[in-house]
Amino acid sequence: KLEDKEANDLFDMMVERKKTLIPEDIQPDIPLTMYVRQESRYVVEPFDRSLAALNDLSFSPDESDLAFLEMLRTMDNNILLSIPYPKWEQHYLKMEEQGKERFGSWLAYRGIGEPFRDDFPFDAGIFMNFVYRYQHDDPITMQTVGLPYIEEFFVDHVLRKVYAEPKEYAEYPTAIKLFYRFLYDIGYLQTFEHMEAMLDTIEPTFLDILRERYC
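Residues numbered from 1 in each chain as written. Predicted model: local features only at pLDDT ≥ 70, side-chain atom pairs only at ≥ 80, totals over all residues. Heavy atoms only, no water.

Where do I start with the overall build of the protein chain in this structure?
Regarding its fold elements, the protein chain presents eight helices and zero strands. Against the globule reference of 17 Å for 215 residues, the protein chain gives a C-alpha radius of gyration of 22 Å, more extended than a compact globule. If you line up the protein chain on its principal axes, its C-alpha atoms span 70 × 40 × 40 Å. Here the protein chain holds 215 residues, and the buried ones make up 40% of them. For the protein chain, long-range pairs separated by at least 24 residues make up 70% of all intrachain contacts whose partners lie at least 6 apart in sequence. Entry remark: accessible area of the protein chain is about 13,000 Å², with carbon and sulfur atoms responsible for 52%. Side-chain charges in the protein chain split into 23 positive and 41 negative, and the spacing between the mean points of these groups amounts to 2 Å. (Helix = DSSP H or I, 4+ residues; strand = E, 2+ residues; numbered from the N terminus. Rg over C-alpha atoms; globule rule 2.2 N^0.38 Å. Buried < 20%, exposed > 50% of the residue type's maximum accessible area, 1.4 Å probe, protein only. Contact = heavy atoms within 4.5 Å. Areas by Shrake-Rupley, 256 points an atom, 1.4 Å probe, with all protein chains shown as cover. Lys, Arg positive; Asp, Glu negative; His and termini not counted. Charge placed at Lys NZ, Arg CZ, Asp CG, Glu CD.)

Below you can see the structure in the form of structure tokens.
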């Protein structure tokens, strides 16, 4: 609905905008990836853990939690027995949804408010997806995932697979810690401190990557 002059002015402005945002002189010879000028700068800070402080209420898993626990153990057996992916894909998808729903319920019970009560289950789903549905050198489960895979998740996987604001990326270490605390509470783990230590180890490196990328 523009007049000719308005349309030409808009066209010229967009061409100049493209030159500014995507300078030709810095593009790679084979442009599978294009470099875009960054126009915003962010301050990347560690997640404020006081926002995710848990209350001291005792917790007993209910039938829905135990159903998820059984699904998770079945998923572990599928991995450890090298059962082909097509045979357990639908089971995994149901397990992930059940896990996110029960984790969200647990967060609410533990006193975690919005928006984290919604954000953290999504983050946990991304992590479960990485553990169970991606090719790894070793068969890993939520119990056996080690530091090299934790590093891979943070420095590569989540940054490639998830579009988020820097502050949302910075929530991931806390979200995964709380998910492991949830898994402990429903009886999947005997301890969660080892995973917390690994996440504490990788978090500073992850934040440095975010600062390099966005600041």
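Honestly, the side chain of Glu171 in this entry has me stumped. Any pointers?
Checked against the element boundaries, Glu171 lands in the loop between α6 (166-169) and α7 (172-185). Buried and unpaired, Glu171 has Lys167 as its nearest opposite-charge partner, separated by 6.9 Å. Beyond its immediate sequence surroundings of up to four residues, Glu171 is in contact with Phe47, Phe116, Asp119, Phe120 and Asp123. (Salt bridge = Lys/Arg side-chain N within 4 Å of Asp/Glu carboxyl O.)

It is not clear to me how the layout of surface pockets should be interpreted in this structure. Could you clarify?
A probe as big as a water molecule, rolled over the atoms, marks out the empty space that is left. Reported here for the second largest pocket is a volume of approximately 300 Å³. Residue lining of the second largest pocket: 15 residues in total, with Ile79, Trp88, Tyr132, Tyr134 and Gln135 positioned closest to the centre. At the level of elements, α2 (63-80), α3 (85-109) and α4 (116-133) are the ones that each hand at least two residues to the lining of the second largest pocket. Counting residues per element, the lining of the second largest pocket draws most heavily on α4, at three residues. Grouping the amino acids of the lining of the second largest pocket by side-chain chemistry returns nine nonpolar, four polar and two charged. (1 Å grid on protein atoms, 1.4 Å probe; cavity = no way out; pocket = protein on both sides within 12 Å on 5 of 7 lines; lining within 4 Å. Points joined across faces, edges and corners; volume = space filled by probe spheres on them. Nonpolar A, V, L, I, M, F, W, Y, C, P; charged D, E, K, R; others polar.)

Looking at this structure, I do not really get the packing of aromatic side chains. What am I missing?
The way to describe two aromatic rings as a pair is by their centre distance and the angle between their planes. Across all of its chains, the model carries 20 aromatic pairs by this definition. Cluster of aromatic residues (ring-pair linked, three or more members): Phe127, Phe130, Phe153, Phe154, Tyr172, Tyr180 and Phe206. (Phe/Tyr/Trp six-rings, centres within 6.5 Å; stacked < 30°, edge-to-face > 60°.)

What am I meant to see in the packing of α4 against helix α5 (residues 147-161) here?
Two packed helices can be described by the angle between their axes and the distance between those axes. For the pair α4 and α5, the least separation of the axes is 11 Å and the interaxial angle reads 120 degrees. Relative to α5, the element α4 lies oblique. For the crossing formed where α4 meets α5, the hand is right-handed. Two secondary-structure elements touch here, α4 through Ile126, Phe127 and Phe130 and α5 through Tyr149, Ile150, Glu152, Phe153 and His157. Looking at the contact of α4 with α5, its residues break down into six nonpolar, one polar and one charged. (Axes fitted to C-alpha atoms, helices over the stretch in contact; angles between N-to-C directions. Parallel < 35°, antiparallel > 145°, perpendicular 65-115°, else oblique. Left-handed = near helix turned anticlockwise from the far one by under 90°.)

Help me out: how do you make sense of the side chain of His157 in this one?
Mapped onto the elements of the fold, His157 is located in helix α5. Classification of His157 by relative accessible area gives buried; the value is 3%. If sequence neighbours within four positions are ignored, His157 has contacts with Ile126, Phe130, Tyr134 and Glu152.

In short, the description is geometric, and any link to function would need to be established separately.
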